[in-house]
Amino acid sequence: MNTALSWIKAYVPELECTDQEYRDAMTLSGTKVEGFERKDKNLEKIVVGQIDSIERHPDADKLIVCQVNIGSEVIQIVTGAPNVKEGDKIPVVLDGGKVAGGHDGSPLPEDGIRIKAGKLRGIPSNGMMCSIEELGSDHNMYPDAPEDGVYIFPADVEVGADAVELLGLHDTVFEYEVTSNRVDCYSILGIAREAAATFRKPFVAPEVKVTGNDEDVNDYISVEVKDTDLCPRYCARVCKNIKIAPSPEWMQRRLAASGIRPINNLVDITNYVMEEFGQPMHAFDLDTIAGKKIIVQRANDGDEFQTLDGQMRKMDNDVLMICDAEKQIGIAGIMGGENSKITDDVKTVLFEAATFNGANIRKSAKRVGLRTDASGKFEKGLDPRNAEAAINRACQLIEELGCGEVVGGIVDVKEPLAELKVLPFEPEKYNQLLGTNISEADMLEMFERLEIKVIANSCGDRCLEIPSFRQDLLSRADLAEEVARFYGYDKIPTTLPSGEATMGKLPHKLRIEKQARSIAEYCGFSQGMTYSFESPKVFDKLLIPEGDVLRQAVTISNPLGEDFSVMRTVSLNGMLNSLSTNYNRRNKNVKLYELGNIYLPKELPVTDYVDERMQFTLGFYGDGDFFTMKGVIEEFFESVGMDGKKEYDPEAGKPFLHPGRQALVKYQGEVIGYLGEVHPEVCDNYDIGTKAYVAVLDMPKVLPFTTFDRKYEGIAKFPAVSRDISMVVPKNILVGQIEQIIEQRGGKLLESYALFDLYEGSQIKEGFKSVAYSITFRAKDRTLEEADVTAAMKKILNGLEQMGIELRQ
């Protein structure tokens with residue numbers, strides 16, 4: 001956002017400060033000034049001169065010798081300017097003066113160019129006539145300047161007057177960094193309000209007069225808004241008998257200072273109001289509008305529309321269009337159409353000032369590939385109350401500049417305007433937030449400068465009524481910030497934090513995840529990170545059947561491509577791709593782990609936040625097998641205090657795992673994950689030519705069972721007693737079932753048990769296997785007797801016999 005200081009002073013007439021003081025004060029009060037530039041930098045001793053006579057240079061065909069009256073004297077200047085004649089009034093830099101640059105528009109020297117008296121081809125020259133480029137500007141900013149030659153002033157300017165002042169160059173242009181929440185500061189009036197409040201000077205807003213003849217605008221145009229959610233307000237006014245001409249110099253100078261090239265009075269008025277009020281406007285040639293009707297509605301998918309820049313744009317149903325009774329005539333909030341543009345032959349103009357949905361404008365501009373100054377303002381969310389004032393201001397300027405005749409009345413189609421926000425006045429809490437002791441009177445004076453009114457609510461309590469243009473003031477903290485801004489951040493005392501000191505630490509969830517990383521790396525795994533975006537083809541590679549819940553994935557609306565078009569519902573694809581890459585690069589014994597989310601929609605299409613679940617995924621190939629992976633999981637369980645009942649159910653039913661080498665991981669009866677060997681067909685799909693093993697733990701289900709609390713137990717005072725048993729066990733009985741019997745029947749004396757032998761061979765009858773356990777008993781309060789151990793063992797053996805297990809002879 002760029003503004004000229006002279007334009008700000010038009011609304012803060014009592015403002016007196018240096019450029020640096022203005023920059024420092026505005027930045028400190030929250031309106032950050034990035035930098036400033038003096039427009040008269042390196043312009044010295046430049047006055048208006050009048051050419052009294054012109055003679056040919058005796059020794060140069062392209063040079064002329066001019067006698068120039070500068071008011072106090074007549075001086076001689078030799079020039080090559082082709083466009084001058086006797087009587088012309090031109091800018092003259094005197095001996096010892098400075099200009100900003102060369103006449104060819106070359107880069108400006110940092111310190112300008114010093115002009116000295118001298119001789120040109122033997123003829124004395126005591127100064128120089130200036131082109132607009134030598135004065136630091138260009139033809140775009142001064143349309144009346146010639147393309148080649150010196151600048152010619154109007155005939156009524158005073159000889160000897162300050163030429164820089166007449167050109168409006170005694171000014172400073174400030175560049176601001178405006179945050180997106182301060183929409184009001186994307187306007188001259190918004191910056192002027194801030195300047196007035198900062199320097200404690202009166203703010204004088206322009207007086208907007210409602211103009212118009214005795215006619216009714218409704219006889220000229222009607223408006224229908226079909227999508228009120230995207231266009232809550234649409235104002236339209238009509239001006240007839242339009243006379244296209246250059247805009248006045250003061251308007252051209254203000255627009256030029258803001259970086260906008262003056263064009264003609266009609267275009268300049270819409271640009272001027274956009275800069276002044278921060279409200280983009282658009283002008284249509286009313287004679288091109290079919291049916292004398294404006295319809296605001298969504299485009300159809302596949303529509304094509306030619307914008308004012310001559311480009312064909314492809315529309316979809318999310319783009320809001322301005323239409324007449326037959327055709328589309330503009331992209332709402334972005335750019336008008338070639339079919340309704342203003343030409344020099346225009347007779348009647350329709351002015352539009354509307355409020356559009358900011359998010360929709362931002363997305364539409366990106367979708368059609370066209371971002372303009374107007375869309376940049378609309379996308380931040382404008383004040384609906386500003387539209388009427390802006391369009392009335394434009395019509396007022398039309399009449400004041402003699403540009404046309406304003407038709408009476410306004411077409412104003414709008415949703416009910418929201419009530420002004422009212423927040424409680426809480427000076428004590430503002431001081432508490434800021435650590436200050438500012439009086440109520442000072443706070444009220446600050447709010448008054450900001451046009452925040454003090455009112456009483458129904459209970460008689462004082463409240464603050466927020467003006468509609470301050471959409472950023474929503475809570476107590478926002479009001480406290482306003483107090484801090486204008487009290488002065490530099491005046492707020494430095495204080496130590498209050499309250500009790502606490503020791504910082506990671507939340508429990510992050511501690512568990514950190515422990516998972518630690519255990520995985522301890523077991524030789526390296527961390528990997530894979531994409532959450534995947535291809536729908538992943539489900540086929542993993543052999544996931546049609547209709548499976550895992551196929552119900554969130555589809556990305558603007559994917560990078562088909563391979564990244566859905567959010568993953570299972571974490572194995574990235575892991576298997578990583579293992580495949582390593583395998584095909586001939587890396588041996590690769591172990592990887594990942595902590596990453598899967599995304600499970602609650603319903604499709606998505607209407608609510610998806611369930612993002614952290615998955616602890618492990619995968620390896622090379623040395624190791626199913627039980628290696630099981631050991632890693634149990635190592636993790638032990639490290640996070642999960643010492644309860646664990647089960648491994650072979651009926652996992654995972655299509656991507658080997659049907660006979662997979663298991664659900666259960667803890668205290670609840671499924672918390674799965675592990676197993678990758679199905680051979682899946683390995684082929686991922687080009688992995690060896691056995692691979694994976695395990696996945698669902699961390700949200702794991703977390704409730706985890707704890708870092710540990711209970712100290714002293715060294716045992718009494719000896720332990722061990723018994724070894726060797727059993728012949730049917731092959732369909734799992735070791736976990738045997739351990740479950742040992743735990744259930746071992747009683748309080750059971751301290752531990754361990755599997756130390758597993759054998760299958762010719763010495764064991766067919767259909768059976770040999771399993772041997774070492775079982776340890778200990779009492780905490782006494783030395784065990786043989787009878788104690790025998791009784792406990794008998795219970796265990798009875799339970800095993802009921803399962804068809806025999807002691808090996």
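Conventions and cut-offs
Residues numbered from 1 in each chain as written. Predicted model: local features only at pLDDT ≥ 70, side-chain atom pairs only at ≥ 80, totals over all residues. Heavy atoms only, no water. Helix = DSSP H or I, 4+ residues; strand = E, 2+ residues; numbered from the N terminus. Rg over C-alpha atoms; globule rule 2.2 N^0.38 Å. Buried < 20%, exposed > 50% of the residue type's maximum accessible area, 1.4 Å probe, protein only. Contact = heavy atoms within 4.5 Å. Areas by Shrake-Rupley, 256 points an atom, 1.4 Å probe, with all protein chains shown as cover. Lys, Arg positive; Asp, Glu negative; His and termini not counted. Charge placed at Lys NZ, Arg CZ, Asp CG, Glu CD. Pairing = 2+ DSSP bridges. Axes fitted to C-alpha atoms, helices over the stretch in contact; angles between N-to-C directions. 1 Å grid on protein atoms, 1.4 Å probe; cavity = no way out; pocket = protein on both sides within 12 Å on 5 of 7 lines; lining within 4 Å. Points joined across faces, edges and corners; volume = space filled by probe spheres on them. Nonpolar A, V, L, I, M, F, W, Y, C, P; charged D, E, K, R; others polar. Salt bridge = Lys/Arg side-chain N within 4 Å of Asp/Glu carboxyl O. Core = buried A, V, L, I, M, F, W, Y, C linked by side-chain atoms within 4.5 Å. Disulfide = S-S within 2.5 Å. Arc of directions from axis to C-beta. Phe/Tyr/Trp six-rings, centres within 6.5 Å; stacked < 30°, edge-to-face > 60°. Lys NZ or Arg CZ within 6 Å of the ring centre and 35° of its normal. Parallel < 35°, antiparallel > 145°, perpendicular 65-115°, else oblique. Left-handed = near helix turned anticlockwise from the far one by under 90°.

Trainee: Mind showing me how you'd approach the overall build of the protein chain here?
Mentor: The secondary structure content of the protein chain amounts to 20 helices and 39 strands. Here the C-alpha atoms of the protein chain give a radius of gyration of 41 Å, more than 25% beyond the 28 Å that 2.2 N^0.38 yields for 809 residues. The principal-axis extent of the C-alpha atoms belonging to the protein chain is close to 135 × 70 × 60 Å. The buried share among the 809 residues of the protein chain stands at 47%. Contacts in the protein chain between residues far apart in sequence, at least 24 positions, make up 70% of those at least 6 positions apart. Approximately 40600 Å² of the protein chain is accessible, and the part contributed by carbon and sulfur atoms is 48%. Considering the protein chain, the positive charge centre built from 94 side chains and the negative charge centre built from 129 side chains are found 7 Å apart.

Trainee: Could you clarify how one ought to interpret the sheet that holds strand β11 (residues 172–177) in this entry?
Mentor: The strands making up a sheet are joined through hydrogen bonds of the backbone, oriented either antiparallel or parallel. Across the sheet, three strands lie side by side as β1-β11-β2; this open sheet has antiparallel pairing. Two strands bound the open sheet, and with one partner strand each, they are β1 (2–4) and β2 (32–38). Going across the sheet, the axis of each strand differs from the next one's by a mean of 25°, ignoring polarity. Sheet topology places β2 next to β11; six bridges connect them, and they run antiparallel. Considered in β11, the bridge of Phe36 is made with Phe174.

Trainee: Even after reading the chapter, I still don't get the layout of surface pockets, so can you show me in this structure?
Mentor: Empty space among the atoms becomes apparent when a probe as large as a water molecule is rolled across them. A volume near 1400 Å³ is recorded for the largest pocket. Lining the largest pocket we find 37 residues, and of these Lys630, Tyr648, Leu734, Val735 and Gly736 sit closest to its centre. Secondary structure elements with two or more residues in the lining of the largest pocket: α16 (626–639), β32 (646–649), β33 (657–667), α19 (735–746), β37 (750–759) and β38 (768–777). No other element matches α19, which puts seven residues into the lining of the largest pocket. By residue class, the composition of the lining of the largest pocket is 14 nonpolar, seven polar and 16 charged. Space inside the second largest pocket adds up to approximately 840 Å³. Lining the second largest pocket are 34 residues, and of these Asn271, Met281, His282, Leu308 and Met335 lie nearest its centre. Only α6 (265–277), β14 (282–285), β19 (328–331), β20 (335–336), β21 (349–355) and α8 (373–378) provide two or more residues apiece to the lining of the second largest pocket. In terms of residue count, the dominant contributor to the lining of the second largest pocket is α6 (five residues). Its residues assigned to classes, the lining of the second largest pocket shows 21 nonpolar, eight polar and five charged.

Trainee: Looking at this model, I keep getting lost on the pattern of salt bridges. Mind explaining?
Mentor: Pairing between side chains of opposite charge can happen when the charged atoms of each approach one another. Scanning the model with the defined rule gives 52 salt bridges in all. Notably, a salt bridge pairs Glu388 with Arg233, separated by 3.0 Å at the nearest N-O pair. Remark: Arg233 occurs in strand β13 (residues 233–240) and Glu388 occurs in helix α9 (residues 386–400); sequence separation between them is 155 residues. Judged by relative accessible area, Arg233 falls into the buried class, the value being 1%. In this structure, Glu276 and Arg393 form a salt bridge, with 2.8 Å as the shortest nitrogen-oxygen distance. Of this pair, Glu276 sits in helix α6 while Arg393 is found in helix α9, placing the two residues 117 residues apart along the sequence. Salt bridges sharing common partners tie together Arg182, Asp184, Glu194, Arg470, Asp472, Glu482 and Arg485.

Trainee: Is there a simple way to explain the nonpolar core in this structure?
Mentor: One broad rule of soluble globular proteins: the nonpolar side chains tend to lie buried together. Ile8, Tyr22 and Phe351 are the most contacted members of the largest nonpolar core, which totals 48 residues. If we skip the residues at most four places from it in the chain, Ile8 touches Thr3, Leu15, Tyr22, Ile188, Ile191, Ala192 and Ala195. Core analysis: the next-biggest nonpolar cluster, separate from the first, contains 41 residues, Ile295, Ala299, Ile331 and Phe378 among them.

Trainee: What am I meant to see in the state of the cysteines here?
Mentor: Defined simply, a disulfide is a covalent bond joining two cysteines at their sulfur atoms. Applying the stated criterion to the full structure yields zero disulfides. Lacking any disulfide linkage, Cys239 is separated from the closest cysteine sulfur, that of Cys395, by 4.1 Å. For Cys239, a relative accessible area of 0% corresponds to the buried category. You can see Cys323 has no disulfide; the closest cysteine sulfur is in Cys231, sitting 12 Å from it.

Trainee: How should I be thinking about the sheet that holds β33 in this particular structure?
Mentor: Strands sit in the order β27-β30-β31-β35-β34-β33-β32 across an open sheet of seven strands; the sheet is mixed. With one partner strand each, in any of the chains shown, β27 (526–527) and β32 form the two edges of the open sheet. As judged from the ten bridges shared by strand β30 (residues 591–600) and strand β31 (residues 611–621), these two strands associate in the antiparallel manner. Bridge pairing links Ile598 to Arg613 in β31. Contacts between helix α15 (residues 572–584) and the sheet are confined to β30, β31, β34 (670–678) and β35 (692–698), with β31 contributing the most and set at about 25° to the helix.

Trainee: Sorry, what's going on with helix α10 (residues 427–434) here?
Mentor: Structural remark: α-helix, 3.6 residues per turn; residues separated by three or four positions point the same way. Those residues of α10 not exposed but buried are Pro427, Tyr430, Asn431 and Leu434. Summarising the axial view, the buried residues of α10 lie within an arc of 95°, below the 170-degree limit, and thus occupy one face. Within α10, the exposed residues directed more than 90 degrees away from the buried face are Glu428, Gln432 and Leu433. On its buried face, α10 sits against β24 (422–424), α11 (440–449), β26 (462–465) and α12 (476–487). The first or second residue beyond α10 is Gly435, which carries a positive phi of 70°.

Trainee: Would you explain the packing of aromatic side chains in this entry?
Mentor: In this description, an aromatic ring pair is defined by two values, namely the gap between the centres and the angle between the planes. With the rule as written, the count across this model stands at 22 aromatic pairs. For the pair Tyr583 and Tyr621, a centre-to-centre distance of 5.7 Å together with 85° between the ring planes defines the contact as edge-to-face. Of this pair, Tyr583 sits in helix α15 while Tyr621 sits in strand β31, and the two are 38 residues apart along the sequence. Tyr621 sits in the buried class, given a relative accessible area of 4%. Through successive ring pairs, a cluster of aromatic residues spans Tyr593, Phe616, Phe636, Phe637, Tyr667 and Phe705. In this structure, Lys591 packs its charged tip against the face of Phe620, placed 5.9 Å from the ring centre.

Trainee: How should I be thinking about the packing of helix α5 (residues 249–257) against α6 in this particular structure?
Mentor: Between α5 and α6, the least distance of the axes is 10 Å, while the angle of their chain directions is 55°. It follows that α5 is oblique to α6 by the angle criterion. Regarding α5 and α6, the two cross each other, and that crossing is left-handed. Contacts between α5 and α6 involve Trp250, Met251, Gln252, Arg254 and Leu255 on the former and, on the latter, Asp268, Ile269, Asn271 and Tyr272. Counted by class, the contact of α5 with α6 contains five nonpolar, two polar and two charged residues.

Trainee: In this structure, what is going on with the environment of Tyr773? I would like to understand it.
Mentor: Summarising the element assignment, Tyr773 is placed in strand β38. For Tyr773, a relative accessible area of 0% puts it in the buried group. Separated by 50 residues in sequence, Tyr773 and Arg723 place their C-alpha atoms 8.3 Å apart. What Tyr773 contacts, discounting residues up to four positions off in sequence, is Arg723, Asp724, Ile725, Met727, Val735, Ile738, Glu739, Ile742, Tyr753, Ala754, Leu755 and Phe756.

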